[in-house]
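Chain by chain, the residues run as shown.
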2 protein chains.
Amino acid sequence: MIQTPYLLFLGDAPDQLAAKVAQGIKDWRPESAVGQFRMENCGADVGLADMTLAEAQAAGAKTLVIGVANRGGVISAAWKEVLVEALKMGFDIASGLHNLLRDENELMAAARVNGRTLFDVRIPSVAYPIASGVKRTGKRCLAVGTDCSVGKMYTGLAMDAEMQSRGMKSTFRPTGQTGILITGGGVPLDAVIADFMAGAVEYLTPDNDADHWDHIEGQGSLFHASYSGVTMALIHGGQPDALVLCHEPTRKHMRGLPDYTLPSLPELRDLALQVAKIVNANCKVIGISVNTQHIAADKFEAYLAEVEAEMGLPAVDPFRQGAGRLVDALAEI
Amino acid sequence: MIQTPYLLFLGDAPDQLAAKVAQGIKDWRPESAVGQFRMENCGADVGLADMTLAEAQAAGAKTLVIGVANRGGVISAAWKEVLVEALKMGFDIASGLHNLLRDENELMAAARVNGRTLFDVRIPSVAYPIASGVKRTGKRCLAVGTDCSVGKMYTGLAMDAEMQSRGMKSTFRPTGQTGILITGGGVPLDAVIADFMAGAVEYLTPDNDADHWDHIEGQGSLFHASYSGVTMALIHGGQPDALVLCHEPTRKHMRGLPDYTLPSLPELRDLALQVAKIVNANCKVIGISVNTQHIAADKFEAYLAEVEAEMGLPAVDPFRQGAGRLVDALAEI
């Protein structure tokens, strides 16, 4: 686990979008971040106090988290100056960049000399087991999508936050680098060796109290030719008791695959449920989470009502409406 | 690609079963092996001429292939003596052992000094792409199983051999270490990073002549909780035109999963076809390959006739009956 609290490094982010990891931490785990570190020319601001390394350390920060995408895929000399200084002062560093911290000699050397840890959360740090398929105690909810990047992580985080606010037992279980940085731990599933994918998900969601819910972060889509194997392993390793269907209704084709149209929600429901029942005969689809960001404010509710009527299940946009009705549906099973 | 012809190293194999990789090469690619190398106390014999390293080299052998499972998971000192000598003489070495050749310092040193190559076929040697989902030319047949280890590799090899003997265009495309050693190339799919699984299968089966068939080696099962993600990626990366269902009818539960019963053949047909149609709307199930080794010689034909009547598709045991009827069915689509 990555030690909290964090100082969020925004570097020289060109715009707000480039700082989405930092924004995710601020939105979902504000208690984990004491402040933000911005270089000159930084075009992003996640609304935390600006701090120097020394100020952050005085405020208790243990880890500098790279909360920004790097330009051109390289960790620049200007970044490295800050990162090496942070290591010298006693910070660990955590990053989800493709360009690994451990591949930078200066950072490795500074970490070693100062006894600090570099967390490259894109790379598994555990030798995961082969999945056993054995039933675990506690309950699990998994978001599955008609496509990639339709709001599965957001849905899981929103359901977890809603359950926490109601005093219910709940944990968000990240399977991607943003989720891992937000919560401080998880499995970077897309970087796991094929044979161990389902085992990694079992490892991520161990036995728990009978009334505890794990919200497992979904990845890919059963209908996405590039990543369906990852989704399959999530379902079979996760053994979900509940599925939430996630959808983005304005998308013209599968992400990155111009020749593939999206499946309908009934198609997703039928295939995902059939696959889930192989490992959990009692699995149910409990609701639909729709990303309506491209539908006007005066139209999205009518659209959701249509979906709800067609599917016979609660259909909500958790960003616009909260995840309350999805949690209500979960509480019933 | 691993250079042929091979000298098959049987070492000190305790029994015939331990030499199944060598047996596979002898059965399916006899032209690739000039002989076998057996140490004292070797309990296996694949029926090739016994040769010293020098004799094999004189007969043209380029690569020493480890055709035997190692005892206790270690490459013994006695083995290493032979392997180092082979490298000095100019052989490459190929192995599918978990215990990698490259992790043995003496072998690495001898390979480097003598300019030879160590092929650890369990480990990918290529940076595979993300799958594009783009339709390729040529045709593809994939064996899918009700369970793991039900005869998928054998089925593919037998169909390929039958097509070759008829003068049809056909290639066997291995996805596991035994298949890779048999043919000299392929993708060790269970060792590929999750995000690149389907892309590795696309890489394995590129564009080809319109009347050419790739027989893609199947792995795992859509119904096997531990490995279903690998199977899914095979289907979506392979974009098969034809599926062959593979089954072993006497198995009591899924391999390694005592709590899971096998699916029925209709269940396998329906799920595999539904998943395959996501990437190839014209995919068809063309036949059933049954491993009847545990059914008596006077009973297996009656069993196959039952399956054939139930499924309305040719049902054969390719080991006992050959793959002719499966190839007939393939030729019709």
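A brief report on the enclosed structure follows. All figures in this text were calculated on a predicted structure; none of them were measured in a lab.

## Some thoughts on the packing of helix α8 (residues 228–238) of chain A against helix α8 (residues 228–238) of chain B
Part 1 of the argument: The contact between α8 of chain A and α8 of chain B brings their axes to 7 Å, and the two run at 155°. It follows that α8 of chain A is roughly antiparallel to α8 of chain B by the angle criterion. The crossing of α8 of chain A and α8 of chain B is right-handed. Contacts between α8 of chain A and α8 of chain B pair S228, G229, M232, A233 and H236 of chain A from the former with S228, G229, M232, A233 and H236 of chain B from the latter.
Part 2 of the argument: When its residues are assigned to classes, the contact of α8 of chain A with α8 of chain B shows four nonpolar, six polar and no charged.

## A short note on the relation of the copies chain A and chain B
Part 1 of the argument: Expressed as a screw operation, the relation of chain A to chain B combines 0.0 Å of axial shift with a rotation of 180°, fitting to an RMSD of 0.1 Å. Viewed as a symmetry operation, the transformation between the two copies matches a two-fold axis.
Part 2 of the argument: Of the interface residues in chain A, 100% have counterparts in chain B that sit at the interface too, so the contact is made through matching surfaces.

## A look at the pattern of salt bridges
All names here are of chain A.
Part 1 of the argument: Taken as a whole and assessed by the stated rule, the structure comprises 32 salt bridges over all chains.
Part 2 of the argument: Where K169 meets D209, a salt bridge forms, and the shortest distance between an N and an O atom there is 3.1 Å. Taken together, the residues K169 in strand β7 (residues 169–173) and D209 in the loop between α7 (197–204) and β8 (212–216) connect sequence positions 40 residues apart.
Part 3 of the argument: A salt bridge links R173 to D214; its shortest N-O distance comes to 2.7 Å. Here R173 is found in strand β7, whereas its partner D214 is found in strand β8, with 41 residues between them in sequence.
Part 4 of the argument: A network of salt bridges, in which partner residues are shared, links K80, E104 and E106.

## Let's talk about the packing of helix α9 (residues 265–277) of chain A against helix α9 (residues 265–277) of chain B
Part 1 of the argument: As a packed pair, α9 of chain A and α9 of chain B sit with axes 12 Å apart at the nearest point and diverge in direction by 135°. Here α9 of chain A lies oblique to α9 of chain B, going by the angle between them. α9 of chain B is crossed by α9 of chain A, and the crossing has left-handed handedness. Contacts between α9 of chain A and α9 of chain B involve L271, Q274 and V275 of chain A from the former and L271, Q274 and V275 of chain B from the latter.

## Here's the deal with helix α12 (residues 324–331) of chain B
Part 1 of the argument: The set of residues buried in α12 of chain B consists of G324, L326, V327, A329 and L330 of chain B.
Part 2 of the argument: Elements that come into contact with the buried residues of α12 of chain B comprise β6 (139–145), α5 (152–165), β8 (212–216), β9 (242–247), β10 (284–290) and β11 (315–316) of chain B.

## Looking at the nonpolar core
Part 1 of the argument: Of all hydrophobic cores here, the largest spans 97 residues; its most connected members are L189, L243 and I288 of chain A together with L189, L243 and I288 of chain B.
Part 2 of the argument: Sequence-distant contacts of L243 of chain A, defined by excluding residues within four places in its chain, comprise L142, V144, A272, L273, A276, C283, K284, V285, I286 and G287 of chain A.

## Re the side chain of T63 of chain A
All names here are of chain A.
Part 1 of the argument: With respect to the helices, strands and loops of the structure, T63 is situated in strand β3 (residues 63–66).
Part 2 of the argument: On the accessibility criterion, T63 (0% relative accessible area) is buried.
Part 3 of the argument: Beyond its immediate chain neighbours, meaning those up to four positions away, T63 contacts I2, Q3, P5, Y6, L7, F91, D92, I93 and A94.

## As for the sheet that holds β3 of chain A
Residue and element names in this part refer to chain A.
Part 1 of the argument: Ordered in space as β2-β1-β3-β4-β5, the five strands form an open sheet in which the pairing is parallel. Either end of the sheet is taken by a strand with one partner, and the two such strands are β2 (33–38) and β5 (118–120). On average, each strand axis in the sheet is inclined to that of its neighbour by 20°, with strand direction left out of account.
Part 2 of the argument: Pairing of β3 with strand β4 (residues 92–95), which is carried by three bridges, proceeds in the parallel orientation.

## Topic: the interface of chain A and chain B
Part 1 of the argument: Contacts between chain A and chain B engage 33 residues on the former and 33 residues on the latter.
Part 2 of the argument: Broken down residue by residue, the surface that chain A buries against chain B is led by D195, Y260 and I278 of chain A, which jointly contribute 18%.
Part 3 of the argument: When residues of the side of chain A that touches chain B are traced back to their parent elements, those giving at least two are α7, α8 and α9 of chain A.
Part 4 of the argument: Looking at the side of chain A that touches chain B, the element that brings in the most residues is α8 of chain A, giving six residues.

## Concerning the sheet that holds strand β1 (residues 6–11) of chain B
All names here are of chain B.
Part 1 of the argument: The five strands are arranged β2-β1-β3-β4-β5 in an open sheet whose pairing can be described as parallel. Of all strands in the sheet, those with a lone pairing partner are β2 (33–38) and β5 (118–120), marking the two edges. Between one strand axis and the next, the sheet turns by 20° as a mean value, whatever way the strands run.
Part 2 of the argument: Taken together, the four bridges between β1 and strand β3 (residues 63–66) define a ladder with parallel strand orientation. Across the sheet, residue L7 finds its bridge partner in β3, namely L64.
Part 3 of the argument: Running over the sheet, helix α1 (residues 20–28) touches β1, β2 and β3 and is turned about 150° from β1.

## Topic: the pairing of strand β10 (residues 284–290) of chain A
The side chains of a regular strand alternate, first on one face of the sheet and then on the other.
All names here are of chain A.
Part 1 of the argument: For β10, the tally of buried residues reaches six of seven residues, placing the bulk of the element in the interior.
Part 2 of the argument: As paired elements, strand β9 (residues 242–247) and β10 share six bridges and run parallel to each other. Bridge pairing in β10 places V244 opposite G287.
Part 3 of the argument: The parallel pair β9 and β10 is bridged by α9, and the resulting crossover is right-handed.
Part 4 of the argument: Bridge analysis of β10 against strand β11 (residues 315–316) gives two bridges, and the strand direction is parallel. Residue I288 lies in a different strand from β11, and its bridge partner there is A315.

Rules of the game
- Residues numbered from 1 in each chain as written.
- Chains lettered and ligands numbered in written order.
- Predicted model: local features only at pLDDT ≥ 70, side-chain atom pairs only at ≥ 80, totals over all residues.
- Heavy atoms only, no water.
- Axes fitted to C-alpha atoms, helices over the stretch in contact; angles between N-to-C directions.
- Helix = DSSP H or I, 4+ residues; strand = E, 2+ residues; numbered from the N terminus.
- Parallel < 35°, antiparallel > 145°, perpendicular 65-115°, else oblique.
- Left-handed = near helix turned anticlockwise from the far one by under 90°.
- Contact = heavy atoms within 4.5 Å.
- Nonpolar A, V, L, I, M, F, W, Y, C, P; charged D, E, K, R; others polar.
- Least-squares fit on C-alpha atoms with pLDDT ≥ 70 in both.
- Salt bridge = Lys/Arg side-chain N within 4 Å of Asp/Glu carboxyl O.
- Buried < 20%, exposed > 50% of the residue type's maximum accessible area, 1.4 Å probe, protein only.
- Core = buried A, V, L, I, M, F, W, Y, C linked by side-chain atoms within 4.5 Å.
- Pairing = 2+ DSSP bridges.
- Buried area = accessible area lost by both parts, 1.4 Å probe.
- Right-handed = clockwise from strand over helix to strand, strands pointing away.

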